[in-house]
Amino acid sequence: MKIDIQRIARLMSWLADTHIHELEWGDDRTSLRLRRDPGQSLRQAPEPDRSAGPPARAADPEAQAIERIHVTASAVGRFLDRAPLQSQALVTPGSRVEPGDLVGLLQAGPILLPLRAEVAGIVAGHAVQAGEAVEYRQVIMSLEAVAAFAEGEEP
Amino acid sequence: MIRWCSKLPLSSVQDLGRHGHLASGVGTSGAMDQLALMAGNLLLGNAPELAGIEIQMFPARCRFLQDGRFALTGADCQARLNGRLLPPWWLARARRGDVLEWFPPRIGARAYLCLPGGVDVPPVLGSRSTQLRGAFGGLDGRFLAVDDVVKAGRENDEGPADFGVEPPQSAMPQEQKGLPAIRVMPAAEYDAFSAAARATFWDSEWRLSPQSDRYGCRMTGPSIRLEQPLEIRSHGIVPGVIQIPPGGQPIIQLRDAQPSGGYPKFGAVIEADLWRLGQTPIGSRLRFVRVDYDQALQALDENRQWLDRLACHLAMYI
C-alpha cells in the first residue's frame with residue numbers, strides 16, 4: 001500500500017479527535033506509528049531555574065540568560081552533521097548559531113531534511129552521533145539559548 | 001524570472017540535448033551533468049528533461065525578479081542567497097530582489113540552477129539547449145550575459161522548499177586505486193593500438209588538461225601510440241568518444257562535440273559516466289576502467305534507478 005503524506009495527515013487529524021494515544025500499523029514493507037502529543041510543546045525547553053541565583057554566564061559582562069533548547073528530528077531518518085561529501089561539520093559544540101541556521105541534516109532515503117536552530121545560541125552538545133538513525137522527535141542536539149536580559153532586568 | 005548579473009562567460013541554458021540531427025551536422029549540446037539537471041528539475045516538481053542554467057565560471061550571480069523556488073544542483077559552490085549559505089543540492093525559496101551567488105566549487109566543476117517549470121526559451125529542433133557552434137537554441141544561441149532576463153516556465157510557483165537530495169557523487173561513488181574512475185568501452189580502432197599502449201591506457205593515472213571545455217577534454221598522461229600509422233576518413237562521432245591524435249594524448253568528445261572527426265577512436269566513455277567527467281575539475285586526476293556493452297547498459301539503468309527512487313521519495317514531499 002502506498003502511504004502518502006496527505007493520508008497520514010488525515011489519520012493524524014482523526015487521531016486527534018479520539019482518546020487513542022498511539023496507533024501503530026504496518027505490513028511487510030512499511031510501518032507507521034502515530035503518537036499523540038502528550039500535551040507538551042514539541043521543543044519546550046526546561047525552565048531555567050532563576051530562583052537558584054543567576055546562571056553561571058550571568059556573571060559575564062554581556063549579562064545573558066541561559067536556556068537549553070533541544071533540536072529534535074522532524075522525521076525518521078539518519079542524522080548527518082554535515083552535507084554529504086563535506087569535510088567540515090556544520091556545527092560543533094561551542095559553535096555560535098543564529099535563528100534559522102542549519103545545524104544538521106536528516107537523511108530519509110535520498111532526501112535531506114534541514115535541522116535548523118530556532119533560537120540564537122551556542123551548541124552545547126550532540127545527543128546522537130553523525131550517521132545514527134533517529135526516531136521522530138528524538139533529541140539530536142541541544143543549544144544554550146543566548147538571550148540578552150531586557151533593560152532594567154540586569155542582575 | 002531572474003536577471004543574470006555575472007560578467008563571466010560560459011553559463012548557458014541547457015536541457016538534455018538536441019537529438020536526432022547528427023546527420024545534418026547538428027551536435028547534441030545538452031547539460032554536461034544530466035543527473036544534476038534532472039535532479040534539480042525533480043526537486044521542483046518539473047519534468048526531468050526541462051532546461052536549466054549550467055554555470056561553468058565562478059563567481060556567478062543572479063537576482064530574482066519575482067518570488068519563487070529554485071533548485072541548486074551539480075558542483076558544490078557554497079552558494080549564498082542574500083549572503084546566507086545554502087547546502088548543496090538544495091531546493092530553496094527566493095523573494096523578489098534576492099541575490100543568489102555561486103563561488104568556485106569545492107566539489108565538482110559545473111553548477112545547475114533550475115527554475116519552476118524549467119527555463120522558458122523557445123525550443124529549436126526539439127531542444128532548449130544552447131548550440132554554441134551554430135549560435136542557436138538556449139538564450140539567443142549564446143552564453144548568458146549581464147542583464148539577461150531568464151524566464152521560468154511557471155510564473156506563479158507554490159510548493160514546499162528547504163530540503164535537498166543526496167548528490168550522486170555520494171550515493172554512487174566510483175573509485176579505482178584511490179582515484180575517481182570513469183568507465184570506458186573499447187571502440188572501433190582499439191585493436192590498432194599496441195598491447196602495451198592499451199595496457200598503459202587502463203593502468204595509468206590521467207589528468208584533465210586545461211584545454212577542456214564543453215566541446216571536449218584533453219587528458220594528460222603517458223603517450224598512447226598506434227601500432228602503425230593509420231589514416232581514416234572523417235566519420236560520425238558522439239559525446240564520450242575517446243580519440244587519440246598523433247601526439248598520443250587522448251581527447252574525449254563532450255556535449256558540444258562536432259558530429260564528425262577523423263582521429264582513431266580508442267574507446268568511448270559510457271553515457272552513464274559522462275556526468276562524472278562533466279564534474280571533473282581541470283587539473284584533477286582520474287582512472288579509466290574497462291567495461292563491456294552490457295555493463296554500460298546496466299550502468300545507465302543504475303542512473304535511471306537513482307532518479308526513479310529520487311522521484312518516488314520526492315512525491316512524498318512535493
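Residues numbered from 1 in each chain as written. Chains lettered and ligands numbered in written order. Predicted model: local features only at pLDDT ≥ 70, side-chain atom pairs only at ≥ 80, totals over all residues.

Going by an unreviewed UniProt entry, chain B carries the name Biotin-dependent carboxylase-like protein and comes from Frateuria aurantia.

Per an unreviewed UniProt entry, chain A goes by the name Biotin carboxyl carrier protein and belongs to Frateuria aurantia.

## A short note on the overall build of chain B
In terms of regular secondary structure, chain B is built from five helices and 22 strands. Over its C-alpha atoms chain B spans a radius of gyration of 20 Å, differing by no more than 12% from the 20 Å that the globule rule assigns to 318 residues. In terms of overall dimensions, chain B has C-alpha extents of about 65 × 40 × 30 Å along its principal axes. Relative to its 318 residues, chain B shows a buried fraction of 47%. (Helix = DSSP H or I, 4+ residues; strand = E, 2+ residues; numbered from the N terminus. Rg over C-alpha atoms; globule rule 2.2 N^0.38 Å. Buried ≥ 20, exposed ≤ 12 C-beta atoms within 10 Å, placed from the backbone.)

## A short note on the overall build of chain A
Helices and strands together make up the secondary structure of chain A, namely one helix and 10 strands. Helices and strands appear in chain A in the N-to-C order α-β-β-β-β-β-β-β-β-β-β. Out of the 155 residues belonging to chain A, those deemed buried represent 21%. For chain A, contacts bridging at least 24 residues in sequence account for 57% of all contacts bridging at least 6. (Contact = placed C-beta atoms within 7 Å.)

## So, the sheet that holds strand 9 (residues 99–102) of chain B
The strands making up a sheet associate through backbone hydrogen bonding, with each pair oriented either parallel or antiparallel. Residues and elements named next belong to chain B. Here we have six strands laid out as an open sheet, ordered 7-6-9-4-1-11, and antiparallel in their pairing. Both edges of this open sheet fall to strand 7 (84–85) and strand 11 (149–150), since each of them pairs with a single strand only. By the bridge criterion, two bridges tie strand 6 (residues 80–81) to strand 7 in an arrangement that is antiparallel. What sits directly across from R80, in strand 7, is L85. (Pairing = 2+ DSSP bridges.)

## Side note on the pairing of strand 22 (residues 285–290) of chain B
Residues and elements named next belong to chain B. Where strand 14 (residues 179–186) meets strand 22, four bridges bridge the pair, whose relative direction is parallel. Residue A181 lies in a different strand from strand 22, and its bridge partner there is R287. Across two bridges, the pairing between strand 15 (residues 206–212) and strand 22 is antiparallel. Bridge pairing links R207 to R285 in strand 22.

## Re the interface of chain A and chain B
Contacts between chain A and chain B engage 13 residues on the former and 18 residues on the latter. For the side of chain A that touches chain B, the elements supplying multiple residues, two or more each, are strand 6 (102–108) and strand 7 (111–116) of chain A. Residues of the side of chain A that touches chain B, tallied by class, amount to 10 nonpolar, two polar and one charged. (Nonpolar A, V, L, I, M, F, W, Y, C, P; charged D, E, K, R; others polar.)

## Looking at the pairing of strand 14 of chain B
Residues and elements named next belong to chain B. Inspection of the sheet shows strand 13 (residues 175–176) paired to strand 14 by two bridges, in the antiparallel sense. Of the residues in strand 14, the one forming a bridge with E175 is P180. The sheet contact formed by strand 14 and strand 21 (residues 265–269) spans three bridges and is antiparallel. Residue P186 lies in a different strand from strand 21, and its bridge partner there is G267.

## Focus on the confidence of the model for chain A
All names here are of chain A. Here chain A averages 78 in pLDDT, while 74% of its residues score no lower than 70. Mean pLDDT values over the elements of chain A span from 76, in helix 1 (residues 5–16), up to 97, in strand 4 (residues 77–80). Confidence drops under pLDDT 50 across residues 148–155; counting only partners more than four residues distant or on other chains, this segment forms 10 contacts. (pLDDT = per-residue confidence, 0-100.)

## Describing helix 1 (residues 34–43) of chain B
Residue and element names in this part refer to chain B. Most of helix 1 is tucked away: 10 of the 10 residues are buried. Along helix 1, the residues classified as buried are Q34, L35, A36, L37, M38, A39, G40, N41, L42 and L43. In the segment just after helix 1, G45 is the residue with positive phi, at about 80°.

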